[in-house]
Amino acid sequence: MTDQTYQPTLSQLRAFVAVAEYRHFGTAAARLTVSQPTLSQALASLENGLGLQLIERSTRRVLVTAAGMRLLPQAMATLEAADRFVASATGDGLGGVLRLGIIPTVAPYVLPELLPELRRKLPSLVPQVVEDQTARLLDGLRTGVLDVALLALPTEAPGLVEIPLYSEEFVLVTPRGHELAGRTDLSVPALADLPLLLLDEGHCLRDQTLEVCRTAEVHPGAVGDTRAASLTTVVQCVAGGLGVTLVPEMAVAAETARGTLDTARFADPAPGRTIGLAYRASSARAEDYEYLAAVIRSKRPF
């Protein structure tokens, strides 16, 4: 039974949140820059004070209990409020640790410009980047493991605020000398019967590409025969003559730099996607995240 007079410390809450996030005591201790015994003691003190088991430990795995899952968002909100309090006191605004989720088809093209800009404009900010697929990023937002996420909109996830940043067109990437190479007036039906290479299941770009085809009632040939975990691998398969693919505008320059590929563009209105920032509607840092969105928007990679 919980002692009603018990007040957890921020160190105890940070230990709980870190273990819940990383599911590994060693990794959590390293991220908090404390020893593993210190982390374990802080978590045990929290559980004893609450009279609840938050983390289930075994020699093989670490699990968050039902009680832990229920209390995790509140623990995160408490830590977020504490960080916000300190930042406000020092006049830093958006400062401290920021857990930023980002989808794989955005991360490699945005981070090289964005991270230096964040260091310049927000020197007290400590970004912790988590690259993952959309579903897991949304889960991280819901459970409080992530503060914000940079992904394709709309997410249609309840309880989140979405800030659109920019829209980008899809560009058709083909092998060198392909019959469609260099076109600037493509229509989606031109994809009919082409061997369209896609990212593997779970990547939103795969779903967006298939939706483009469905909307135009196009049936590409051999969809699903080749799948990859990264856009770079997909493009390399195109260069090897295995098919064609749709690449978001921000990735075109980087992924076609080797010179073994051609591109073709769609006539207006071209298919594309909107990239934006999402955060919990319950967060007290809406103003800060609006500023973060403005910084990201200013460093768009195309």
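Residues numbered from 1 in each chain as written. Predicted model: local features only at pLDDT ≥ 70, side-chain atom pairs only at ≥ 80, totals over all residues. Heavy atoms only, no water.

Below, the discussion takes up the overall build of the protein chain. The number of helices and strands found in the protein chain is 10 helices and 11 strands. In terms of overall dimensions, the protein chain has C-alpha extents of about 75 × 45 × 35 Å along its principal axes. With 302 residues in all, the protein chain has 48% of them scored as buried. Taking all contacts inside the protein chain whose residues are at least 6 apart in sequence as the whole, residues at least 24 apart take part in 75%. Here the protein chain has roughly 14,500 Å² of accessible surface; of this, 52% comes from carbon and sulfur atoms. Taking the average location of the 27 positive side-chain charges in the protein chain and that of its 33 negative ones, the two points are 6 Å from each other. (Helix = DSSP H or I, 4+ residues; strand = E, 2+ residues; numbered from the N terminus. Buried < 20%, exposed > 50% of the residue type's maximum accessible area, 1.4 Å probe, protein only. Contact = heavy atoms within 4.5 Å. Areas by Shrake-Rupley, 256 points an atom, 1.4 Å probe, with all protein chains shown as cover. Lys, Arg positive; Asp, Glu negative; His and termini not counted. Charge placed at Lys NZ, Arg CZ, Asp CG, Glu CD.)

Here we come to the pairing of strand β9 (residues 245-248). Of the two faces of β9, the one holding Thr245 and Val247 and the one holding Leu246 and Pro248 are both buried throughout. Of the pairings in the sheet, the one linking strand β6 (residues 160-175) to β9 comprises 4 bridges and is antiparallel in character. Across the sheet, Leu172 pairs through a bridge with Leu246, a residue of β9. (Pairing = 2+ DSSP bridges.)

On to the pairing of strand β5 (residues 148-153). Within β5, 6 of the 6 residues are buried, which leaves it mostly tucked inside the rest of the structure. Relative to β5, strand β3 (residues 96-102) is paired through 3 bridges, and the arrangement is parallel. By the bridge assignment, Leu100 is partnered in β5 with Val148.

If you check helix α1 (residues 10-22), its first and last C-alpha atoms are 18 Å apart, about what 13 residues at 1.5 Å a residue would give, namely 18 Å. Listed as buried for α1 are Gln12, Leu13, Ala15, Phe16, Val17, Ala18, Val19, Ala20 and Glu21. Trailing α1 by a residue or two, Arg23 shows a phi angle of about 55°, which is positive. (Expected span 1.5 Å × (residues − 1).)

In this structure, Pro154 follows Leu153 across a cis peptide bond, with omega equal to -5°. Take Pro154: it is sitting in the loop between β5 and β6. Here the amide bond leading from Asp268 into Pro269 is cis, since omega sits at -5°, within 30 degrees of zero. Of note, Pro269 is situated in the loop between β10 (261-264) and β11 (272-280). The phi angle at Arg23 is positive, at roughly 55°, despite the residue not being glycine. Here Arg23 is to be found in the loop between α1 and α2 (25-32). Arg23 gets classed as partly exposed once you look at its relative accessible area, which sits at 39%.

Another point: the packing of α1 against helix α3 (residues 36-50). Viewed as axis vectors pointing N to C, α1 and α3 meet at an angle of 105°, and their least axial separation amounts to 8 Å. When the axes of α1 and α3 are compared, the pair comes out roughly perpendicular. Across from Ser11, Gln12, Leu13, Ala15, Phe16 and Val19 in α1, the residues of α3 making contact are Leu39, Ala42, Leu43, Ser45 and Leu46. The class makeup of the residues in the contact of α1 with α3 is 8 nonpolar, 3 polar and no charged. (Axes fitted to C-alpha atoms, helices over the stretch in contact; angles between N-to-C directions. Parallel < 35°, antiparallel > 145°, perpendicular 65-115°, else oblique. Nonpolar A, V, L, I, M, F, W, Y, C, P; charged D, E, K, R; others polar.)

As a packed pair, α2 and α3 sit with axes 9 Å apart at the nearest point and diverge in direction by 100°. As summarised for this structure, α2 and α3 are arranged roughly perpendicular, according to the angle between their axes. The residues of α3 that touch α2, namely those facing Phe25, Gly26, Ala28, Ala29 and Leu32, are Gln36, Leu39, Ser40 and Leu43. Its residues placed into classes, the contact of α2 with α3 shows 6 nonpolar, 3 polar and no charged.

Moving on: the packing of aromatic side chains. Across all of its chains, the model carries 1 aromatic pair by this definition. Residues Tyr279 and Tyr289 carry aromatic rings whose centres are separated by 5.0 Å and whose planes lie at 55° to one another, so their mutual orientation is tilted. Here the residue Tyr279 occupies a position in strand β11, and Tyr289 occupies one in helix α10 (residues 286-298), the gap between them amounting to 10 residues. On the basis of relative accessibility, which here comes to 4%, the residue Tyr279 falls in the buried class. (Phe/Tyr/Trp six-rings, centres within 6.5 Å; stacked < 30°, edge-to-face > 60°.)

Applying the stated criterion to the full structure yields 1 cavity of 30 Å³ or more. Of the volumes computed, that of the largest cavity is approximately 50 Å³. Listed by contribution, the elements that provide at least two residues to the lining of the largest cavity are β7 (198-199), α7 (204-215), α8 (231-239) and β9. With 3 residues, α7 is the largest single contributor of residues to the lining of the largest cavity. Residue classes in the lining of the largest cavity are distributed as 7 nonpolar, 2 polar and 1 charged. (1 Å grid on protein atoms, 1.4 Å probe; cavity = no way out; pocket = protein on both sides within 12 Å on 5 of 7 lines; lining within 4 Å. Points joined across faces, edges and corners; volume = space filled by probe spheres on them.)

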